[in-house]
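Here is what each chain is made of, one letter per residue.
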Amino acid sequence: MITILNWIAFVIALATSVGLLLQRDWRWGIGLLATQYLSIFWLVQTHWPVSMASVKLVTGWMACAVLGIAQLNTDPAQETEASWPQGRLFRLFTAGIIMATTFALSLRASSWLVLSLPIAWGSLLLVGMGLLQLGISAQPFRVILGLLTVLAGFEILYAAVESSILVAALLSAVNLGLALTGAYFLSMPQVEKP
Amino acid sequence: MSAPFLWIFLPLILAGLLMLIRNQKVIALIACSFTFFLTLAAWVLPIDTAMIFGNWSFKLTSSFEILGRRLVLGSADLSLLALIYGSVVVWFAVAPAVKAARRLISLGLAITASLVAALAVEPFLYAALLIEMAVLLSIPLLSAPGQKPGKGLIRFLIFQTLAMPFILFSGWLLAGIDANPNDLGLVQQAAILIGLGFAFLLAVFPFYSWIPLLTEESSPYTVGFILWIFPTVALFFGLGFLDHYTWLRDIPILGSVLTTVGVLMVVSGGLLAAFQRHLGRIMGYAIIMETGFSILTISLGGTVGLNVFLMLFVPRTLSLVVWSLALTIMKGYSPRLILKDIKGQVRIWPFATSGLVLANLALAGMPLLAGFPPHQAIWEGLASTSLSVVIWVLIGNLSLFFSAVRVMLASASAPEGAHWESRETGAQRILLAIGFLALLLLGLFPQWVLPLWTKLPVIFTHLGQ
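The structure reproduced in this document is the subject of the present report. (Residues numbered from 1 in each chain as written. Chains lettered and ligands numbered in written order. Predicted model: local features only at pLDDT ≥ 70, side-chain atom pairs only at ≥ 80, totals over all residues.)

### Topic: the overall build of chain A
Turning to step 1, where the next piece is worked out: Summing up its helical and strand segments, chain A has seven helices and zero strands in all.
Turning to step 2, where the next piece is worked out: Once the C-alpha set of chain A is aligned to its principal axes, its extents read approximately 55 × 40 × 25 Å.
Turning to step 3, where the next piece is worked out: When each of the 194 residues of chain A is scored for burial, the buried share is 47%.
Turning to step 4, where the next piece is worked out: Excluding contacts between residues fewer than 6 apart, the proportion of contacts in chain A whose partners are at least 24 apart in sequence is 70%. (Helix = DSSP H or I, 4+ residues; strand = E, 2+ residues; numbered from the N terminus. Buried ≥ 20, exposed ≤ 12 C-beta atoms within 10 Å, placed from the backbone. Contact = placed C-beta atoms within 7 Å.)

Quick look at the structure:
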């Protein structure tokens, strides 16, 4: 039963990370990121107590809230993606490559770190998709989504090897800090020059 | 009271309070007095030893427990603290002269405290998280109000953030190596992860593209501060790794890898600086070269390498303060900061243009200036192992020297009969003049700063022996 739930969490992580790559509407982006944190919570709680794993969920949703509120106050004209390439087909194709690569890596990682396959693949997939997002976009909002996705993937893997409260607290602070940085970036063009 | 409370938490509290003050001079006065007090305290106060004043006794304990982990600042760390906070006094004291005090000081103090916490945290691998916090704090400092974040700022955030997972994960591997030191596969994996982590953190070749972009986009003074404090702390953090793990020091190819990386940074930084037209980018490439030189000193190994590494600290700090101050003054006149815009400006901005040239020459290792003694020691150390490496490094130095000549020629080519004047403010003139004098005196009498770094090798129990 647990294995099936782990696989469901993996599928959610896969769907949301691909969705984050393809979406052009920030509302979808925030929604997908919030859903992604549900899968992260599930994958982390296999190694951590539920109370500690829920920190990831709460922090993630707080980060989504911060980014959402910042986007609400942003000029819609700024939302257009200026970077190349914009094609959805291209993004889907590269997402497929990432999926295949991370699958190959996760087979080794799961035996090395003694993790179940959905956890190892889920974490590496999120890292890969986040890096892809960082590589193909220069828009601050998308960059922050990419960084949060990379960190989310790393946190799943790191939860298997480290359960320190200080690390959990600092990683939460970093996630929130990134969201606040994103909000700051989004608000910048509206700040009046002194 | 504990030492981490004094040197980490108090500055953080003050940084928060300073954000509430609007007057630049008041902010600078409070921050300079406070950081000067911290410098003095690091110089004179003993740790874990009771001091008795009449009926009153006072003891500064070395550790502070937080969420099951510890922040530790022992007696060995005091000289490093004095050096860091002493340099911060200089940066903060100059800030009001370029109207950067309000933004720089409060956030700069918080960044400094976070980075000191990174050096103090145990296990020290958690430092990566605290460095990331400092990176996030520096974003508002580097972004100009009312402007979209530039490519350099975004890349700075991405590359520094990517360093954190690598270093944290390598920490787990290192624990495994401690338990099983003969597992060569594990050693190899840990070395690769550490290498990648530090490559991102130190902006090592080829991950340094954000530095010249950032120096082009942001205020030169704030960017100068950030590009001084981050590499400095990251280098000390890296040395901590080398000092802590014997197997890492014993990797046979470590020396040659460090030499190659250092030479690549020095040569590429120098050559790219030589052909830049943007004055800020020249400073960016010079900073890349400085990181390269620090890596080269580590490759020298032993106490010699460590001493030369420490010798670079003061000249680099002084040169960067002078260079970024001069650039900020020139940016007020010519916001584009390109070479052709400063043609003949030596007659209008004599102090600022001289600052650009002198700081550049000092970092290029020009004789009689502060950068020469450590650079000469590096050349000497490298020459004992490989002459070809020295030739490459000299090419880098000469290229940076060439960029200084270009700036000098551009600023000096004034039309016939142009009058001399000085549009810098009185404070700017005095500060730049003090900077020139310091650069010159440290070049002539490098032994004057010996007391600053003679105690520093104690931090590194193995490398300092």
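### Some points on helix α1 (residues 3–18) of chain B
Residue and element names in this part refer to chain B.
Turning to step 1, where the next piece is worked out: For α1, with 16 residues, the first-to-last C-alpha span of 22 Å sits near the 22 Å given by 1.5 Å per residue.
Turning to step 2, where the next piece is worked out: In α1, a bend of some 30 degrees at Phe9 exceeds every other bend along the element, and Pro11, a proline, comes one to four places later.
Turning to step 3, where the next piece is worked out: Turning to α1, its buried residues number three or more, namely Ala3, Pro4, Leu6, Trp7, Ile8, Pro11, Leu14, Ala15 and Leu18.
Turning to step 4, where the next piece is worked out: Along its buried surface, α1 packs onto α2 (24–44), β3 (63–66), β4 (69–72), α3 (78–94) and α4 (101–120). (Expected span 1.5 Å × (residues − 1). Bend = angle between axes of the 7 residues up to and from the residue.)

### Focus on the packing of helix α12 (residues 279–300) of chain B against helix α15 (residues 350–363) of chain B
Residue and element names in this part refer to chain B.
Turning to step 1, where the next piece is worked out: Where α12 contacts α15, the two axes come as close as 10 Å, and the packing angle between them is 20 degrees. In terms of axis orientation, α12 runs roughly parallel to α15. Where α12 crosses over α15, the handedness of that crossing is left-handed. Along its contact with α12, which presents Leu279, Ile282, Ala286 and Glu290, the element α15 presents Leu356, Asn360 and Leu363.
Turning to step 2, where the next piece is worked out: Here the contact of α12 with α15 is built from residues that sort into five nonpolar, one polar and one charged. (Axes fitted to C-alpha atoms, helices over the stretch in contact; angles between N-to-C directions. Parallel < 35°, antiparallel > 145°, perpendicular 65-115°, else oblique. Left-handed = near helix turned anticlockwise from the far one by under 90°. Nonpolar A, V, L, I, M, F, W, Y, C, P; charged D, E, K, R; others polar.)

### Focus: the nonpolar core
Residues and elements named next belong to chain B.
Turning to step 1, where the next piece is worked out: Residues Ala95, Leu325 and Ala326 are the most contacted members of the largest nonpolar core, which totals 249 residues.
Turning to step 2, where the next piece is worked out: Domain assignment of the residues forming this core places at least three in each of domain 1 (1–122) and domain 2 (123–459).
Turning to step 3, where the next piece is worked out: Once residues lying within four places of it in the same chain are set aside, the contact partners of Ala326 are Ala352, Gly355, Leu356, Ala359 and Leu432. (Core = buried A, V, L, I, M, F, W, Y, C linked by C-beta atoms within 7 Å. Domains from an automatic or database assignment.)

### A few points about the sheet that holds β4 of chain B
Two orientations exist for strands paired in a sheet by backbone hydrogen bonds: parallel and antiparallel.
Residue and element names in this part refer to chain B.
Turning to step 1, where the next piece is worked out: The three strands are arranged β3-β4-β5 in an open sheet whose pairing can be described as antiparallel. Either end of the sheet is taken by a strand with one partner, and the two such strands are β3 and β5 (121–122).
Turning to step 2, where the next piece is worked out: Here β3 pairs with β4 via four bridges, running antiparallel. In the sheet register, Glu65 faces β4, and the bridge partner there is Arg70. (Pairing = 2+ DSSP bridges.)

### Concerning the environment of Thr215 of chain B
Residues and elements named next belong to chain B.
Turning to step 1, where the next piece is worked out: Of note, Thr215 is situated in helix α8 (residues 210–217).
Turning to step 2, where the next piece is worked out: By the C-beta count within 10 Å, which is 29 here, Thr215 ends up buried.
Turning to step 3, where the next piece is worked out: Along the backbone, Thr215 and Gly332 are 117 residues apart, and their C-alpha atoms lie at a distance of 15 Å.
Turning to step 4, where the next piece is worked out: Excluding its chain neighbours within four sequence positions, the residues that come into contact with Thr215 are Pro220, Val223, Gly280, Arg281, Met283 and Gly284.

### Side note on helix α1 (residues 2–22) of chain A
Residues separated by three or four positions in an α-helix point in the same direction, a consequence of the helix having 3.6 residues per turn.
Residue and element names in this part refer to chain A.
Turning to step 1, where the next piece is worked out: Helix length check: α1, at 21 residues, gives a terminal C-alpha distance of 30 Å against a target of 30 Å (1.5 Å per residue), a fit within 8%.
Turning to step 2, where the next piece is worked out: Three or more residues of α1 are buried, namely Asn6, Ala9, Phe10, Ile12, Ala13, Leu14, Thr16, Ser17, Val18, Leu20 and Leu21.
Turning to step 3, where the next piece is worked out: Contacts made by the buried residues of α1 are with α2 (26–45), α4 (88–112), α5 (117–136) and α6 (140–159).

### Looking at the environment of Leu157 of chain A
Residues and elements named next belong to chain A.
Turning to step 1, where the next piece is worked out: Within the fold, Leu157 resides in helix α6.
Turning to step 2, where the next piece is worked out: Overall, Leu157 belongs to the buried group, with 26 C-beta atoms counted inside 10 Å.
Turning to step 3, where the next piece is worked out: Spatially, the C-alpha atom of Leu157 lies 34 Å from that of Met188, the residues being 31 residues apart in sequence.

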